[in-house]
Every structure is written in structure tokens, then in C-alpha cells.
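Observations on the model geometry
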Amino acid sequence: MLVVENLHAGYDASEVLDGVSLRVKQGSVVALIGANGAGKTTAMRAISGMLKPTQGRVLLDGQPVQELGSARIAKLGLAHAPEGRKVFGPLSVEDNLLLGAYSRLPAFFGFRGKAAADLARIYELFPRLRERSQQAAGTLSGGEQQMLAIGRALMANPKVMLLDEPSMGLAPVIVQEVFRIIKRLKQAGITLLLVEQFARSALEVADYVYVMEHGKIAVEGVPDEIRKNQRVLEAYLG
Amino acid sequence: MSVIVQLVVSGALMGMVYALIAYGFQLTYSTSKSINFGQGELVMLSAFVSLSLINTGLPYWLVVPGGLLFGVLLGLFVERAAVRLALEQKGEGWILLTVIFGLLGFSAAENIWGRDDRPFPTPVPSDPMHFFGIGITPLEISVAIGVLAVMGMVELFKRKTLLGKAFEAVSADRDAAGLMGVSATRIIMLSYGLSGLVAAMAGILVAPITTVGPTMASALILKAFSVAVVAGLDSGFGVVVVGLFLGALESLASFYIGSGWREAPGLILLIMALALRPNGVFGKASIRKV
Ligand SMILES: Nc1ncnc2c1ncn2[C@@H]1O[C@H](COP(=O)(O)OP(=O)(O)O)[C@@H](O)[C@H]1O
Ligand SMILES: [Mg+2]
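Residues numbered from 1 in each chain as written. Chains lettered and ligands numbered in written order. Predicted model: local features only at pLDDT ≥ 70, side-chain atom pairs only at ≥ 80, totals over all residues. Heavy atoms only, no water.

1. Considering the sheet that holds strand β2 (residues 14-24) of chain A
Residues and elements named next belong to chain A. Taken in spatial order, the 4 strands line up as β2-β1-β4-β5 in an open sheet, and their pairing is antiparallel. Of all the strands in the sheet, the pair left with one neighbour each is β2 and β5 (63-64). Sheet topology note: the strand β4 (residues 55-60)/β5 ladder contains 2 bridges and is antiparallel. Bridged to L59 within β5 is P64. (Pairing = 2+ DSSP bridges. Helix = DSSP H or I, 4+ residues; strand = E, 2+ residues; numbered from the N terminus.)

2. Overview of the nonpolar core
When a protein is soluble and globular, its nonpolar side chains tend to lie buried together. With 145 residues, the main nonpolar core has L99, L129 and M161 of chain A together with L20, I21, F25 and L220 of chain B as its most contacted residues. Per-element tally for this core: the top contributor is helix α8 (residues 184-210) of chain B, with 15 residues. When neighbours within four sequence positions are excluded, L220 of chain B is seen to be in contact with M14, V17, Y18, I21, V43 and V206 of chain B. With 27 residues, the next largest nonpolar core counts L7, V24, L60 and V195 of chain A among its residues. (Core = buried A, V, L, I, M, F, W, Y, C linked by side-chain atoms within 4.5 Å. Buried < 20%, exposed > 50% of the residue type's maximum accessible area, 1.4 Å probe, protein only. Contact = heavy atoms within 4.5 Å.)

3. What about the sheet that holds strand β6 (residues 78-81) of chain A?
Residue and element names in this part refer to chain A. Pairing is mixed across the open sheet formed by 6 strands, whose spatial order is β6-β7-β8-β3-β9-β10. The open sheet is flanked by β6 and β10 (216-221), the only strands paired with a single partner. Within the sheet, the average angular offset between the axes of one strand and its neighbour, ignoring direction, is 20°. As paired strands, β6 and strand β7 (residues 160-164) are joined by 4 bridges and run parallel to one another. The residue bridging H80 from the neighbouring strand is L162, located in β7. (Axes fitted to C-alpha atoms, helices over the stretch in contact; angles between N-to-C directions.)

4. With respect to the interface of chain B and chain A
Tallying the contact residues gives 20 residues for chain B and 25 residues for chain A. Counting the surface lost from both chain B and chain A, the interface buries some 1,900 Å², and carbon and sulfur atoms represent 73% of this. Among the residues of chain B in contact with chain A, L162, L179 and M180 of chain B are the three that bury the most area, contributing 39% of the side total. One can count 2 salt bridges joining chain B with chain A. Summed over the shared surface of chain B and chain A, the number is 7 residue pairs in polar contact (both at pLDDT 80 or more). (Buried area = accessible area lost by both parts, 1.4 Å probe. Salt bridge = Lys/Arg side-chain N within 4 Å of Asp/Glu carboxyl O. Polar contact = N/O pair within 3.5 Å; in protein donor to acceptor, adjacent residues only side chain to side chain.)

5. Some points on the packing of aromatic side chains
Aromatic ring pairs are reported here in terms of the distance separating the ring centres and the angle at which the planes meet. Under the definition given, this model contains 9 aromatic pairs over all chains. Centroid distance F108 of chain A to F109 of chain A: 6.2 Å. Interplanar angle 40°. Geometry classified as tilted. Of the residues examined, F108 of chain A reaches a relative accessible area of 39% and is grouped as partly exposed. Seen in terms of ring centroids, F37 of chain B and F225 of chain B are 6.1 Å apart; in terms of plane orientation they differ by 55°. Their pairing is tilted. (Phe/Tyr/Trp six-rings, centres within 6.5 Å; stacked < 30°, edge-to-face > 60°.)

6. Some words on α8 of chain B
Relative to the 39 Å expected for 27 residues at 1.5 Å per residue, α8 of chain B spans 37 Å between its end C-alpha atoms, a close match to the ideal helical length. T211 of chain B, located one to two residues past α8 of chain B, shows a positive phi value of around 65°. (Expected span 1.5 Å × (residues − 1).)

7. So, the coordination of the magnesium ion (ligand 2)
All names here are of chain A. Protein coordination at the magnesium ion (ligand 2) comes from T41 (OG1) and E83 (OE), with a distance range of 2.0 Å. Note that T41 is positioned in helix α1 (residues 40-48) and E83 in the loop between β6 and α3 (93-100), a separation of 42 residues in sequence. On the basis of relative accessibility, which here comes to 15%, the residue T41 falls in the buried class. (Donors = N, O, S within 2.8 Å, 3.2 Å for Na, K, Ca; no water.)

8. Things to note about the packing of helix α6 (residues 142-154) of chain A against helix α7 (residues 172-187) of chain A
All names here are of chain A. Contact geometry for α6 and α7: axes closest at 10 Å, N-to-C directions at 15°. Considering the angle they form, α6 stands roughly parallel to α7. Taken as a pair, α6 and α7 cross one another with a handedness that is right-handed. Residues G143, M147, I150 and L154 of α6 form the contact with α7, whose participating residues are I174, E177, V178, I181 and L185. When the residues that make up the contact of α6 with α7 are grouped by side-chain class, the tally is 7 nonpolar, 1 polar and 1 charged. (Parallel < 35°, antiparallel > 145°, perpendicular 65-115°, else oblique. Left-handed = near helix turned anticlockwise from the far one by under 90°. Nonpolar A, V, L, I, M, F, W, Y, C, P; charged D, E, K, R; others polar.)

Next comes the structure, spelled out in C-alpha cells:
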């Protein structure tokens, strides 16, 4: 389970997060929605340690991790598929996936054998990735890169997964495909914090929703409550 | 005709050493966008330490790993003492600090071993063998084999082990690598260790040809730097091609124009590279600040 308490973070002089608190229960899908520039990506970065919070706590299964930095937080079981996908372009699709499991594989020899079952599982979920396994990740289409970013995060067998705008810049058909995948992850019991601009679709898969405005959580509730909220309705679901 | 071929072959073999040192620059540049400006002294000190190991009576097959180990440790030391803090502060302090460490290394060598050039004994014979009328010494061949062997091993490491793939991941996208649990700090450390290894190998390989002295690597390093800049600091086997080319060109220049012109092609190449693609040197971001 992921608990975020009173998180503050920003870039150089400018503070973006102004006390964000949220929780993602084991096995639930939580959506974080809000306008462009509200600070959703900054929140994801501060949670996963890409950005050091200036104040507040991040608890992963009860353990405070806000001081640890991204590499150690990843080792503790938090996987973050970041905004813009950030696949390793020059490396092959398969190498990208293997790196997803870096924390729990041997560094020199025998890592392929140990990763084989997980790789097979990911390839089953994303058959396109199997077809392109030896291709450089940078040559994939945007949709395929997003699948790779999700697959790479899943390779960690994470306790909690953060998924930031997986549908960004993708064609409508591919966006539907992305949401099908998210539903499958939900069925598989993955604990997921999802940032999405397609708020309606996000509300369909989510168990609980946080709405972010100007670096703060403005509204929260189960999807049905959020849908009835007049202000949210006008701003994000119009 | 055969004179030209002879010159090209001997020169190109020397160029392999430039390529190896340039490859060492690429290793740290790809992970950290920084290089050790005292790398020439690292080459020289590793050669001196290897020579001292020979003088203790250690057999050659133990001297080589000993010298390489010294190079690795010195590379790690430079990263820890001169580079890490500057990179954490996102500054350019590593430039000055690595230059200073180079100067310190130079003084240390002068004080410990003196200013004289000393011969570096080797079990590899230096009488030329003749192939199609061209004389090549086994020593020259050992240089080529040594260079390709160590580069091949580092490349195998990068491609075949998961740690090596993590190395490539940090080079490609440091932030994303962090999200995989790969510590960029550790990988940068590793890259400095490997860079020290290849530089030490270069020192051990050229020492029998150039002799060992505090200034043995000062010309070498400038040319290795030219090769790295021309071939691209990011990565790739371009360094081998450019190294071979520069070595051959030098050898021709010193024969046909005069031995004083040996250094000219490397400098001209560097000046041309800097003029044509200034971004190739430290990337766009740093050039503004420097
Ligand atoms: N790397 C950065 N450096 C400086 N400011 C940034 C950076 N990334 C985002 N910001 C600023 O932080 C604010 C929140 O951005 P972000 O977290 O990306 O919002 P969202 O993901 O909700 O669209 C914006 O005002 C944006 O301009
Ligand atoms: Mg965003």
C-alpha cells in the first residue's frame, strides 16, 4: 500500500506541490486527474524519488521512503512508468524489459533464465513486443513504446505501480487499447496510481479518484461521487 | 609504393593506441558527460607502476593484471575525488579538478621515479617479420591484439551482462534508469573504473615502444582526444577508424614532410573538429557555461 502525506516538492525556486496527501490501497486502482500543469507529474516524480520532496512523507507498505532516491525506492517495489514513456531508445525491446527487473536479477550471468517466465507473461500481454523483441526501442511507434513502458514497469513485479498519462499523444484506437490493458492489470490485482487526461475513461477503471488543482488535492471520492460533483463535471468531464 | 604501405601499417598500429584511450574517454562521457583531463597521467602512472612491478621480479603475466588493477583503482579515485561532487552539483568543476589531479600525478611521477625515460622490458620480440615485403614487429602486433582484446571485452560486458545493459541504460536516459533501480552514481563509478582499465592497458602496450617517463603520454593524450572528438564522444567504434586513420597520416607526415610534423595531423584534425562541430566536445549545455 502507498500512503502520501502532506507532500511538498518543486523545481529549483518554484514550489509546485503544496501539501498533497493520498493513499492507494493494496489491489486498488486510484486515478489522479486534473488540469494541465496542476502538478500531477510532479507528484508522481516526488513519490518515486525522481524529485526529492522538500516536506512530507511517502510510505511504501508503512516504510518511509521519501529520502531514498529513485533507485532505492524502485528496489523496494515501486515501479513508475513515467510521462513521455522514457524507454531506452538504443536498447532492444527485450533489454528494456530485462532492465525493468534489474533489481531482482543477477547482474552478470543467469539473468535471462531467471527472467524467462516474467518475460513470457509480458509477451503474452503485449504480443507486439514479442514480435519486436530484438528491435531498438527507439524505432517503435508511440503506442508500442507505451506498451513497452508498461511492460517494463510490470517486469519489476511491483508492489505499487505509477502510470503517468499512458494515453498521451496516441491515436484514439490505441488509447482504447491502453485502457483495455489497464483493466486487465486491475483484474490481475495490480495496485495502481493512474494519472490520465481522459478523465472519463480513468473514472471507469478507478476505485477511488483524486482531483488535483494548483498542487493540492481539491476533491476526492469514489467515481460516482466525482461524477456528481458539479465543479469537477464542468472542469474535467465536460 | 611499399614504403607508403609500410608507413601506413606502422602508423595505423600506433593509431590503435589513440583509439583505445579515446574509447576510455567515451566510456565516462557516455554515462556522465564528463571525462578525466588527467587521463594521460593515468596512462603514464600505470606504465610506471607496471615497470616497478617488473623490477620486483614479478613475471610478465602478473605484471599486466597488476598494472590494470592500478589503473582501475586510480580511475575510481579520480571519480570519487574530482568528479562526483561536481556532477552532483551539476557544475563543471570536474574539468579543473581532473586537470589538477593530472598535474599532481605528474609531480608524483617525477618525484618517485625521476624525469628520465626508462626502457620497458617485454617478452614480446621487436625484430620485424615480413609479410608481402612489409616489416611488422611482433610488438606492434601485440599492441593491436591488446587494444582489440580489451575493447572487445568491455563491449561484451556491455552487451551480454545485465550490469552492462544498465550501463547502456544510464547512458541513454539516466532518470529512467533510476526508475529501474539502477544507481547512476554506481554506474558512473564503474565507467571511471573501466576507463582507468583501458588507459592502463594503453600505457602497458605502448611503454615498450615509447619508453616510460613522466611525459610519455602528453602527446598521446592530445591525439587520443582528437580521435574522440572527431569520432564522437558518445560512443561507437568510430574511434578505431579515426585512430587508424590518424596514426597512418602521422606516420606519412613525419616521413614525407619531416619528423617535426608528426604532431601536426592530430592538431589539425582537432582544430577542424572543433570548428566544424563545437557541440561534439561537451554537448550543447556545457559549452554555454564554459
Ligand atoms: N522540469 C521542470 N522544471 C521546472 N518546472 C517544471 C518542470 N516540470 C514541470 N514544471 C512546472 O510544474 C508545474 C506542474 O507541472 P506538472 O507536474 O508537469 O503538471 P501536470 O502533470 O499536472 O500537467 C507546471 O507549472 C510546470 O510548468
Ligand atoms: Mg503531466
